[in-house]
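Report on the structure
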Amino acid sequence: MTIAFACVLFMGLLPYVAAGIAKKGFDDYDNGQPRAWLAKQTGFRARANAAQANLFESLPFFFAAASLMHAPQGRLDFLALGFVAFRIAYLVCYVANWPTARSIFWLCGIASVVAIFFQI
């Protein structure tokens, strides 16, 4: 398994980490209607849930980029690792309520994916 492919697997699972943060403590959690429960949350729970949605939204773009197997593997691995690192930092900033840093890491993540497309 290449590093880039491992990054694809990791990124496919990262939104579930954000979901776990949103549900941390399960205060009056309703498993019968989890989305309604999450919609009522505030603070770090609401931000973690929003981060989860954004992480899922970014997956198709990254998956398409990482599938470019004709790119030099070293550069593809480097850029994929960069994307993962930027998205982890994005999640931390979102939960911590650091909007400026969050936006910077979001932009760096998108730039990493765009750079992958230019490696072929």
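Each remark here, short or long, concerns the structure printed above.
Owing to the predicted nature of the structure, the values given are computational and were not obtained by experimental measurement.

1. Looking at the environment of Phe 10
The topology assignment puts Phe 10 in helix α1 (residues 3-22). Exposure remark for Phe 10: the relative accessible area of 36% places this residue in the partly exposed category. It is 14 Å that separates the C-alpha atoms of Phe 10 and Leu 79, two residues lying 69 residues apart in sequence. Ignoring anything within four residues of it in the chain, the contact list for Phe 10 reads Val 84 and Ile 88.

2. Considering the environment of Ala 85
Note that Ala 85 resides in helix α4 (residues 73-96). Residue classification places Ala 85 among the partly exposed positions, given a relative accessible area of 43%.

3. Section: the packing of aromatic side chains
If you walk through the whole model with that rule in mind, you get six aromatic pairs. Centre to centre, the rings of Tyr 16 and Phe 56 are 5.4 Å apart; their planes meet at 85 degrees, and the pair counts as edge-to-face. Note that Tyr 16 is positioned in helix α1 and Phe 56 in helix α3 (residues 43-66), a separation of 40 residues in sequence. Given the relative accessible area of 51%, Tyr 16 is considered exposed. Here the aromatic rings of Phe 62 and Phe 83 are separated by 4.4 Å at their centres, their planes lie at 15 degrees, and the arrangement is stacked. Separated by 21 residues along the polypeptide, Phe 62 in helix α3 and Phe 83 in helix α4 bring together distant segments of the chain.

4. Overview of the nonpolar core
Among the nonpolar cores identified, the biggest contains 28 residues, and Met 11, Leu 55, Phe 62, Leu 91 and Ile 116 are the most heavily contacted of them. Among the secondary structure elements, those contributing two or more residues to this core are α1, α2 (34-39), α3, α4 and α5 (99-117). Of all the elements, α4 adds the most residues to this core, at nine residues. Filtering out sequence-adjacent residues up to four positions away, Leu 91 remains in contact with Leu 14, Val 17, Ala 18, Ile 21, Ala 51 and Leu 55.

Procedures and definitions
Residues numbered from 1 in each chain as written. Predicted model: local features only at pLDDT ≥ 70, side-chain atom pairs only at ≥ 80, totals over all residues. Heavy atoms only, no water. Helix = DSSP H or I, 4+ residues; strand = E, 2+ residues; numbered from the N terminus. Buried < 20%, exposed > 50% of the residue type's maximum accessible area, 1.4 Å probe, protein only. Contact = heavy atoms within 4.5 Å. Phe/Tyr/Trp six-rings, centres within 6.5 Å; stacked < 30°, edge-to-face > 60°. Core = buried A, V, L, I, M, F, W, Y, C linked by side-chain atoms within 4.5 Å.

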